Amino acid sequence: MKEKGIRRYTTGIIILAFSMALATGIIGILLNHIVDYYQLNSVQSGLISSIFSIGSAASIVLALILKSRVKKPVLIICLTAVLAAAFTLSGIPVPFVVFLVFCFFVGIGYGATDAFMDASLADMHKEKTGKYLGIRHGCFGIVGIVAPIVIGAALGYVSWHTVYLVLGLIAGVSALFYFLVHRKYTGAVEESRFIEKPFAIDDLKSFGHSGFIFLALSMFFTVAGQNGIIVWVVRYVSTYQKHPEIASYCLSLFWLASTIIRFIMPYIPISSEKKICIGALGGGIFWALGVLIGTVPAMLICCFMTGLFVGSLFPLNIGLGTAMFSAKTGMITAILSFTKYIAQIIVPIIIGALMSVLPAKVAILTAAVMYFCNAAAALGLLKAKK
């Protein structure tokens, strides 16, 4: 019964991962339509993703307060219900300020849920954490491949508001499935796997270790680079490069490559630190080449190659963190996720502001710069390990 319970919980998390992927990826897909609907400038466009990330960061703070009092599955169920409700409300035509409030609550539903799903997998599969994190984050890649094409085609027949209503339904069904799993198997898996000891002041000493500092920096730049691509690539390619016919395919190719490498990476026999360093450096080079060359073939090829190099960086960072703090996986995944959301708050606003004062080609290269910084942080991780 115990092993069956773990399998069912794992299946529930994988299903929920698709809703989480839609939450984090939908802004980039719908951005052009939202901008046109509200007649937004570049800075206002960046606010949408940043408000979502502020909500996600607030969700992490809430989870850190509750993590020693409430089991992870209960937090996941409650916050996914919030996500479903926020998606549904976002499908109602409202003023832009109210829409931003709904984006904030989408972030509330997404933030801690995403972190605690990773923590739960690490708790249940301590010897195979990398494999299961790769599978879960591979779901993000699958959504990233399919969603831009399917939703892009659907937008020829329905409004972006309707897309949000459908997302609300998907998130609600996912939450219900996970709730039913938890209700049936809650006694089959040890309580200790889903609840942690309270945060102790001694834990702060671990965060002063150079390994953790470089890990946090690596996570920040990983997300900063990825966010610079997935939020802006469709708008950049369609509006600034004047190639709307390939814009959604650029994003899909990025996610296709990211998905492939997330399933393969656990079987590559080099250290995670070296994987992050090589991946970040290669991703930065290929993204810069695609932007600087600017032709249709170059953008398509370089989006794929960038995804191939950087696609596994996020789960690699999470895996390193859970290995460092194996007894407090919820705490470390929450803290790394908080770092992630800080990057997601800052980067869209930076790129939006740069696009208003600099050529778009220069602004979008910010993603490459972030990946080069990521490679430097990974070198720091390697040095700290020695």
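Coordinates for the structure precede this section.
Presented here is a report on the structure given in the accompanying data block.

Rules of the game
- Residues numbered from 1 in each chain as written.
- Predicted model: local features only at pLDDT ≥ 70, side-chain atom pairs only at ≥ 80, totals over all residues.
- Heavy atoms only, no water.
- Helix = DSSP H or I, 4+ residues; strand = E, 2+ residues; numbered from the N terminus.
- Rg over C-alpha atoms; globule rule 2.2 N^0.38 Å.
- Lys, Arg positive; Asp, Glu negative; His and termini not counted.
- Charge placed at Lys NZ, Arg CZ, Asp CG, Glu CD.
- 1 Å grid on protein atoms, 1.4 Å probe; cavity = no way out; pocket = protein on both sides within 12 Å on 5 of 7 lines; lining within 4 Å.
- Points joined across faces, edges and corners; volume = space filled by probe spheres on them.
- Nonpolar A, V, L, I, M, F, W, Y, C, P; charged D, E, K, R; others polar.
- Core = buried A, V, L, I, M, F, W, Y, C linked by side-chain atoms within 4.5 Å.
- Buried < 20%, exposed > 50% of the residue type's maximum accessible area, 1.4 Å probe, protein only.
- Contact = heavy atoms within 4.5 Å.
- Axes fitted to C-alpha atoms, helices over the stretch in contact; angles between N-to-C directions.
- Parallel < 35°, antiparallel > 145°, perpendicular 65-115°, else oblique.
- Left-handed = near helix turned anticlockwise from the far one by under 90°.
- Phe/Tyr/Trp six-rings, centres within 6.5 Å; stacked < 30°, edge-to-face > 60°.

From N to C terminus, the protein chain includes 16 helices and zero strands. For the protein chain, the C-alpha radius of gyration of 20 Å lies close to 21 Å, the compact-globule estimate for 386 residues. Its C-alpha atoms give the protein chain principal-axis dimensions of roughly 55 × 50 × 35 Å. Across the protein chain, 28 positive and 13 negative side-chain charges occur, with their mean positions spaced 2 Å apart.

For the coordinates displayed, the defined rule picks out four cavities of 30 Å³ or more. There is about 140 Å³ of room inside the largest cavity. Forming the walls of the largest cavity are 14 residues, and the residues nearest its centre are Tyr110, Phe140, Gln226, Phe314 and Lys340. Sorting the residues of the lining of the largest cavity by element identifies α4 (96-124), α5 (129-154), α8 (210-230), α10 (247-264) and α14 (329-357) as the ones contributing at least two each. If one sorts the elements of the lining of the largest cavity by residue count, α8 sits on top with four residues. Of the volumes computed, that of the second largest cavity is approximately 110 Å³. As for the second largest cavity, its lining consists of 15 residues, of which Ala21, Thr24, Gly25, Gly144 and Trp255 are closest to the centre. Within the residue set of the lining of the second largest cavity, elements represented by two or more residues are α1 (2-38), α5 and α10. Here the lining of the second largest cavity gets six residues from one element, more than from any other, and that element is α1. In terms of residue class, the lining of the second largest cavity is built from 11 nonpolar, four polar and no charged.

In this structure, the largest pocket occupies an estimated 370 Å³ of space. Contributing to the lining of the largest pocket are 21 residues, with Thr129, Gly130, Ser272, Gly319 and Leu320 lying nearest its centre. If you list the elements that add at least two residues to the lining of the largest pocket, you get α5, α11 (272-293) and α13 (313-324). Among the elements that take part in the lining of the largest pocket, α13 stands out by supplying six residues, more than any other. Grouping the constituent residues of the lining of the largest pocket by class yields nine nonpolar, nine polar and three charged. In this structure, the second largest pocket spans a volume of roughly 250 Å³. Taken together, 15 residues make up the lining of the second largest pocket; nearest its centre are Leu22, Ile151, Val166, Leu167 and Ile170. For the lining of the second largest pocket, the elements supplying multiple residues, two or more each, are α1, α5 and α6 (160-185). Sort the elements by how many residues they give to the lining of the second largest pocket and α5 lands first, with seven residues. Residues of the lining of the second largest pocket, tallied by class, amount to 14 nonpolar, one polar and no charged.

Core analysis: the biggest nonpolar cluster contains 121 residues, and Leu30, Ile34, Ile48, Phe99, Tyr164, Val233 and Trp287 have the highest contact counts within it. The dominant element in this core, judged by the number of residues it contributes, is α1, at 18 residues. What Leu30 contacts, discounting residues up to four positions off in sequence, is Ile151, Leu155, Trp160, Val163 and Tyr164.

What follows concerns the packing of helix α9 (residues 233-240) against α10. The N-to-C vectors of α9 and α10 enclose an angle of 150 degrees; their axes lie 8 Å apart at closest approach. Taken together, the axes of α9 and α10 lie roughly antiparallel to each other. Where α9 crosses over α10, the handedness of that crossing is right-handed. Residue-level contacts link Val233, Val234, Val237 and Ser238 of α9 to Ala247, Cys250 and Leu251 of α10.

Locating Leu121 in the fold gives a position in helix α4. Classification of Leu121 by relative accessible area gives buried; the value is 0%. As for Leu121 and Thr329, which are separated by 208 residues in sequence, their C-alpha atoms are 9.4 Å apart. When neighbours within four sequence positions are excluded, Leu121 is seen to be in contact with Thr10, Ile13, Tyr132, Leu133 and Arg136.

Attention now moves to the environment of Leu64. Considering the arrangement of structural elements, one finds Leu64 in helix α2 (residues 42-66). According to the relative accessible area criterion, Leu64 is partly exposed, its value standing at 31%. Taking the C-alpha atoms as reference, Leu64 lies 8.7 Å from Ala112; in sequence the two are 48 residues apart. If near-sequence neighbours (up to four positions away) are discounted, Leu64 is found in contact with Met331 and Ala334.

Each aromatic ring pair is characterised by the separation of its centres together with the angle its planes make. This model, assessed by the stated rule, comprises 16 aromatic pairs. Ring centres 5.9 Å apart and planes at 35 degrees place the aromatic pair Tyr38 and Phe99 in the tilted group. Taken together, the residues span a long stretch of sequence, with Tyr38 in helix α1 and Phe99 in helix α4 at a distance of 61 residues. Accessibility assignment for this pair places Tyr38 and Phe99 in one class, buried.

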